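# Working through the structure, step by step
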Number of protein chains: 2
Amino acid sequence: MVDIATRVWNHKWKIDPIVRSLIDTDFYKLLMCQSIFRNRPNAQVTFSLINRSQNVPLAKLIDEGELREQLDHVRSLSLSRGESTWLRGNTFYGKRQMFTPDFMEWFEDLRLPPYHLERVGDQYELTFEGKWHEVMLWEIPALAILMELRSRAVLDKMDKFELQILYARGMTRVWEKIEALRGLDNLSIADFGTRRRHSYLWQDWCAQAMREGLGDKFSGTSNCKIAMSRELEAIGTNAHELPMVYAALAKDDDALAQSPYDVLQDWHDEHDGNLRIILPDTYGTQGFLDKAPDWLAGWTGIRIDSGDPATAAQIAIDWWSARGEDPREKRVIFSDGLDVDKIKDLHAQFTGKTNISFGWGTLLTNDFRELAVDDALAPFSLVCKAVQANGAPTVKLSDNPRKAMGPDVEIERYKRVFGVGDQVEQDVFV
Amino acid sequence: MVDIATRVWNHKWKIDPIVRSLIDTDFYKLLMCQSIFRNRPNAQVTFSLINRSQNVPLAKLIDEGELREQLDHVRSLSLSRGESTWLRGNTFYGKRQMFTPDFMEWFEDLRLPPYHLERVGDQYELTFEGKWHEVMLWEIPALAILMELRSRAVLDKMDKFELQILYARGMTRVWEKIEALRGLDNLSIADFGTRRRHSYLWQDWCAQAMREGLGDKFSGTSNCKIAMSRELEAIGTNAHELPMVYAALAKDDDALAQSPYDVLQDWHDEHDGNLRIILPDTYGTQGFLDKAPDWLAGWTGIRIDSGDPATAAQIAIDWWSARGEDPREKRVIFSDGLDVDKIKDLHAQFTGKTNISFGWGTLLTNDFRELAVDDALAPFSLVCKAVQANGAPTVKLSDNPRKAMGPDVEIERYKRVFGVGDQVEQDVFV
């Protein structure tokens, strides 16, 4: 039996929208959005798309008209009643009413601000200018749209059976990864793969496979829409954009040096427990920890997002010990370029020394390496970052100089202010 | 959108029938049926299920009630108008009206005769007694039902994601086999996998994958239902049951010695071209060919279904040469226990010496080896054979003594009559 109504309904769509909900985004964006809404409501910020993989000519692969249609569709979205109810009524990290009534009222009325799109050579320049807490919500949908339009461009050339085998192989690969992780005692791993996912449906499948295969070892997903629809925990804390914009807003070098701690002071006032996670690498992990106030050592954990993860985790453990804290009561969250072998290595190396969690991104939700001709579905390194705040450029140093961002003169200034010396370069895979 | 009507419809079925059509059977059964209908309409024959894999306890795996329901459902089937139209109107092997009007009239009225089912230990005794051309039509549905009920027994214990991954792996495996065969020049390969398929839907998928992946190198399927619904060629000629029953009906040793040639004389009168394929191994290939009349050397090809295939093919080539025929204008069809490596070896060995085709069975449509716990979905060796004709036991010698059938005293008599000496034993895999 053909379900005629469904078929006709599907054919009525002018486009097949990639992002269909304002909460098809990472949970930490909403937490940060609320924090910014409260603490920096007047900051004017520019977010910009940056394709670190110049060998992927996005403007040749993706039609500009289709890209605009997808972005325009996101601008037509508003929070649905059910989504609002979920955000208001759900328990996040054990806490009810994580989102305040005034924030929710604002969010319920929100439509995303305009975008600026221009083709430059084989790449797109895509920027979002406006109030920080509004434009920051573009980051994840913009990335997800570009990633999925690129997937679609490749999939368009494949026939029915090639597609079926592609997904059979992709599913088998994800499942074999899950089987390889299943035996790890006390594993705690979350899906962090929204921004560079192959597609929404694929991420949704991966999250369900993780729950099915790992049970309680799967701690949840960063994606709010999937967390809501699959009744999973929404996972995430905070990201580099907070210290980057706070730093750019700093009036002088003293304020700049203080800015990363201002971010966490604001966060400290808003959150406790497992949401008190330090992301220390924006301007160099070692310097940040050396100069950190003692109250930060009382926080629950540290997220490692650049540099050699084992080195960075050991720095964190040593720092807690030096500050009189027991690392075995702390938590290290690894979230940079993870795949099964790295997860197993880090798990073996740090189990017993501290609590560890993993935020598994691109190689969970977009590992189609070698599965298409010319490896055309391999993931690539696309980011969408705050590049300017109230007219000043933002800067990121990271623990890996290849992830550094900002004008050279500002990078030098930041290195001086934060006392960052030589750094080891590491390949940025995704 | 849920299609409520479809869902309710599916739930209305008391059972999920495995065999839903009288033409969900091998094409050669219908050709042989017509030949028997014309030449031996009064022969009383018994077909019997034989599980060569005693390590698979069918009666423990499969509920007797479910088995009866499935067999009863087959007895409720009759040829549909569309199926009849297809058989009457289609071109088979380049010939229109392959099936005569009197045969079609009989077939349109046919319901399959009763079956006799009894549990003996951990196995089932399943027999069919009656007119040869009626009971012989039970062979394929009986095998397909038992194979699929065994698959279902294993699948019942798997959860949703395990099932999804099982089929993802199975599909990937089939597709990789197809990719491995794609490069062979002048390949001609057909699906012969109805009788030992994992399931109907799986065979249907495999046939479509073969067409998609191999194009013209896929010559068709033995399954009439799939040939009809997917617009593929229906493939097949004749099988051991013809010489086995003709032999059992022979009045004395002289008639016995002549009986295999009587079979082919009848076939000769009915068919030409690519349907003139000798199956020479029933009572020993070498002796059969040595004593064959010259008109048989004029036939198009020989099917190799037991013994070492390369040896048997060489015997065929040498025989044609000795009879003054050019082997390069002949065809050898390999159909015994094939998989990719054997197909590639035989293709490499015989290309240029003769035309070759492959009839790929169990390891096309039921290769789930190592994909379930305890290898519980591995294919196994189940056959349904004519064991008696007009009260006399049937005998098969084959080129592999492990495939021999019949009472010992009769086997000795047949060996004497057909001059079969020592034979090499070979493992029977499927």
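Structural data are supplied above this passage.
A brief structural summary. Since this is a predicted model, take the numbers as computed values, not measurements.

Quick notes on the rules
Residues numbered from 1 in each chain as written. Chains lettered and ligands numbered in written order. Predicted model: local features only at pLDDT ≥ 70, side-chain atom pairs only at ≥ 80, totals over all residues. Pairing = 2+ DSSP bridges. Helix = DSSP H or I, 4+ residues; strand = E, 2+ residues; numbered from the N terminus. Contact = placed C-beta atoms within 7 Å. Axes fitted to C-alpha atoms, helices over the stretch in contact; angles between N-to-C directions. Nonpolar A, V, L, I, M, F, W, Y, C, P; charged D, E, K, R; others polar. Right-handed = clockwise from strand over helix to strand, strands pointing away.

### So, the sheet that holds strand S1 (residues 44-51) of chain B
All names here are of chain B. Pairing is antiparallel across the open sheet formed by 5 strands, whose spatial order is S4-S5-S1-S12-S13. Looking at the sheet topology across the chains shown, the edges are occupied by strand S4 (116-120) and strand S13 (392-393). In the sheet, S1 pairs with strand S12 (residues 382-389) via 7 bridges, with the strands oriented antiparallel. Bridge pairing links Leu49 to Cys384 in S12. Against the sheet, helix H8 (residues 139-155) engages S1, strand S5 (123-131) and S12, with an angle of about 145° to S12.

### What to know about the interface of chain A and chain B
Each side of the interface is counted separately: chain A has 17 residues, and chain B has 16 residues. Of all the secondary-structure elements, those providing two or more residues to the side of chain A that touches chain B are helix H1 (4-12), helix H9 (160-182) and helix H10 (200-214) of chain A. Among the elements that take part in the side of chain A that touches chain B, H9 of chain A stands out by supplying 8 residues, more than any other. Residue classes in the side of chain A that touches chain B are distributed as 9 nonpolar, 4 polar and 4 charged.

### Notes on the pairing of strand S7 (residues 218-221) of chain A
Residues and elements named next belong to chain A. In the sheet, strand S6 (residues 189-191) pairs with S7 via 3 bridges, with the strands oriented parallel. Paired with Ile189 across the strands is Phe218, a residue of S7. Assessed by its sense of winding, the connection that carries the chain from S6 through H10 to S7 is right-handed.

### Here's the deal with the sheet that holds strand S10 (residues 331-334) of chain B
All names here are of chain B. The strand order across the open sheet formed by 6 strands is S7-S6-S11-S10-S9-S8, and the pairing between neighbours is parallel. Two strands lie at the open edges of the sheet, namely strand S7 (218-221) and strand S8 (277-278), each paired on one side alone. Relative to S10, strand S9 (residues 301-304) is paired through 4 bridges, and the arrangement is parallel. The residue of S10 that forms the bridge with Arg303 is Ile333. With respect to the sheet, helix H17 (residues 340-350) is in contact with S10 and strand S11 (355-360), its orientation differing from that of S11 by roughly 170°.

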